[in-house]
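Okay, here's what each chain looks like letter by letter:
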Amino acid sequence: MSLRSWIKGIGRVLNRCIPKREDQILFESNSDYCDNSRALYDYMQAAGYGEHYRFVWCVSDVRRPPAGLSGAELVSFRSRRGFLRYFLTMARSGHVVFSHYAPPFVNPKGQQVLNLWHGTPLKTLKGHVPPASLFSALLSPSDLFDPILAESFGAAPEQLVQCGYPRNDLLFHPKDSLARLGIDPAGWKKVLLWMPTFRRPADGSYQDGAATSTGLPLIETPALLEELNARLTELGLYLMIKLHPGQDLSGVKLVELSSIRMLTNRELDEAGVELYRLVGAADGLLTDYSSIYFDYLLLNHPMIFLIDDIDGYQENRGFTVADPLSLMPGEKVRAAEELYQALGRLARGEDAWEGERARVNGLVNRFTDDQSARRTAERFFPEGRSGHFGQQEAETK
């Protein structure tokens, strides 16, 4: 047993010895205050759960709280000074909610530990997930993915719960996301979003695909990016490119062209834009093997899949299903010219994939409404309901 494993084991034993506050919930996400954890927390705040529960957020730096986060105590395990306070606060919490990494020393034998995760996995997860011994329950989107998630996390069937992902509620309520970024959709036939998955993480720990000078697959050079911009301009399309936060962007120059804008998490945070509200504002999606498209199916908008490196990706990372192409209901392109042709059809309103989107959506999303946060809160925190969900939910959406 390594020293780290020994310390973690001792920490979990100490956790069990500390009396719990059943009215205290600790939240975690990566980066701070985002994804499913944020969506669930925001809903619970608006729906009156704060009358019964005390909220705590685990963040990177308590001196720099995330924009928009209020109504919660902040703790951090990333500094020596704050670690003891974090540990005592976490260990006293009767409930822990996370969407990425299990906070250190949580113990589901004495706490309700809810793993919301952050996406339906088309690509394999083995080696990239917290083990099932660190949580009580794991959200699953549908029957199709129950066994996939069980195998990926080593979870028992009874740990899997289907409520829908809380962040998906935001897809139906984009609000003023485009305006906050200075984008006027009236000037374009369609505003599209490209969200590629990452091929090489920033820490360089592994590589699922080739590094490119643009940080993008297929459109791998500045010259190709300029060509794509020219084609988009001709078609009257505007393309937002949201780069994956895990992608290694060293040596990549973020550009803004006449019909293309590259976005990062930091830029969205500074504009006060939640990612899934922005996704909901897009008229179409370009992606590849990212879980984003399973969520985007809820809107039934067109999608284009860039799969030029699918064979290499299969060899390096692999997929959770034998035939990933059967779950990709949209045009599949392997070359730049194929992409331009697909964009032309999209600009003209040609859509031959609506039936396929409905079929796949029925397989991967059990729930197709904007009530996933409500279902999750009611399932795991039933004693905190205020009885005023409808009104308060309408106000926050």
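Residues numbered from 1 in each chain as written. Predicted model: local features only at pLDDT ≥ 70, side-chain atom pairs only at ≥ 80, totals over all residues. Heavy atoms only, no water.

**A word on the overall build of the chain**
And step 1. The secondary structure content of the chain amounts to 14 helices and 13 strands.
And step 2. Compactness check: the chain gives a C-alpha radius of gyration of 21 Å against a globular reference of 21 Å for 397 residues, within 12% of the reference.
And step 3. The C-alpha extent of the chain, read off along each of the three principal axes, is 65 × 50 × 40 Å.
And step 4. Taking the intrachain contacts of the chain between residues at least 6 apart in sequence as the baseline, contacts between residues at least 24 apart amount to 67%.
And step 5. Only carbon and sulfur atoms are counted for the fraction: they give 50% of the accessible area of the chain, which is about 17,200 Å². (Helix = DSSP H or I, 4+ residues; strand = E, 2+ residues; numbered from the N terminus. Rg over C-alpha atoms; globule rule 2.2 N^0.38 Å. Contact = heavy atoms within 4.5 Å. Areas by Shrake-Rupley, 256 points an atom, 1.4 Å probe, with all protein chains shown as cover.)

**Comments concerning the packing of aromatic side chains**
And step 1. In total, this model carries 22 aromatic pairs according to the counting rule given.
And step 2. Ring geometry for Tyr-41 against Trp-57: centres 5.7 Å apart, planes inclined by 85°, an arrangement best described as edge-to-face. With Tyr-41 in helix α2 (residues 35-46) and Trp-57 in strand β2 (residues 54-58), this pair connects stretches of sequence that are 16 residues apart. We note that Tyr-41, like Trp-57, is buried.
And step 3. Pairwise contacts between aromatic rings join Phe-27, Tyr-33, Tyr-41, Phe-55 and Trp-57 into one cluster. (Phe/Tyr/Trp six-rings, centres within 6.5 Å; stacked < 30°, edge-to-face > 60°. Buried < 20%, exposed > 50% of the residue type's maximum accessible area, 1.4 Å probe, protein only.)

**So, the sheet that holds strand β10 (residues 260-263)**
And step 1. Pairing is parallel across the open sheet formed by 6 strands, whose spatial order is β10-β9-β8-β11-β12-β13. Of all strands in the sheet, those bounded by a partner on one side alone are β10 and β13 (331-333). For this sheet, the mean inter-axis angle between neighbouring strands, taken without regard to orientation, is 20°.
And step 2. Sheet analysis places strand β8 (residues 190-194) next to strand β9 (residues 237-242), joined by 5 bridges and oriented parallel. Note that in β9 the partner of Trp-194 across the bridge is Ile-241.
And step 3. Contacts from helix α11 (residues 336-347) reach β8, β9, β11 (284-287), β12 (303-306) and β13 within the one sheet, and its direction differs from that of β13 by about 155°. (Pairing = 2+ DSSP bridges. Axes fitted to C-alpha atoms, helices over the stretch in contact; angles between N-to-C directions.)

**Some words on the packing of helix α1 (residues 3-17) against helix α3 (residues 80-92)**
Relative orientation and spacing of two packed helices are given, respectively, by the angle between their axes and the distance between those axes.
And step 1. Their axes nearest at 9 Å, the elements α1 and α3 cross at an angle of 55°. The pairing of α1 with α3 is recorded here as oblique in orientation. Crossing hand, α1 versus α3: right-handed. Contacts between α1 and α3 involve Gly-11, Leu-14 and Asn-15 from the first element and Phe-87, Met-90 and Ala-91 from the second. (Parallel < 35°, antiparallel > 145°, perpendicular 65-115°, else oblique. Left-handed = near helix turned anticlockwise from the far one by under 90°.)

**Digging into the sheet that holds strand β4 (residues 93-98)**
Within a sheet, each strand pairs with its neighbour through backbone hydrogen bonds, oriented either parallel or antiparallel.
And step 1. Taken together, the 7 strands give an open sheet; going across it, the order is β3-β2-β1-β4-β5-β6-β7, and neighbouring strands pair in parallel fashion. The two strands at the open ends of the sheet, each matched to only one other strand, are β3 (73-75) and β7 (160-161).
And step 2. Across 4 bridges, β4 lies against strand β5 (residues 112-115) in parallel orientation. Across the sheet, Val-97 pairs through a bridge with Leu-114, a residue of β5.

**Points about the pairing of β11**
And step 1. Residues Gly-284 and Leu-286 of β11 are buried on one face, and the alternating residues Leu-285 and Thr-287, pointing to the opposite face, are buried as well.
And step 2. Across 3 bridges, β8 lies against β11 in parallel orientation. Counted as the bridge partner of Leu-193 is Leu-285 from β11.
And step 3. For β11 and β12, the ladder comprises 3 bridges, and the chain directions are parallel. Opposite Thr-287, over in β12, you have Phe-305 as the bridge partner.

**Overview of the state of the cysteines**
And step 1. Here the structure, examined in full by the defined rule, presents 0 disulfides.
And step 2. Here Cys-163 stays free of any disulfide, with the sulfur of Cys-34 as its closest cysteine sulfur at 20 Å. (Disulfide = S-S within 2.5 Å.)

**Description of the pattern of salt bridges**
And step 1. Under the definition given, this model contains 21 salt bridges.
And step 2. When the shortest N-O distance is used, the salt bridge between Glu-274 and Arg-38 registers 3.6 Å. In this pair, Glu-274 is assigned in the loop between α7 (265-271) and α8 (275-281) and Arg-38 in helix α2, connecting sequence segments 236 residues apart.
And step 3. Across the salt bridge formed by Arg-374 and Glu-378, the nearest N and O atoms sit 3.3 Å from each other. A residue pair is termed a helical-turn pair when its members lie 3 or 4 positions apart in one helix, as Arg-374 and Glu-378 do in helix α13 (residues 372-380) at 4 residues.
And step 4. Connected via shared salt-bridge partners are Arg-38, Asp-42, Glu-274 and Arg-277. (Salt bridge = Lys/Arg side-chain N within 4 Å of Asp/Glu carboxyl O.)

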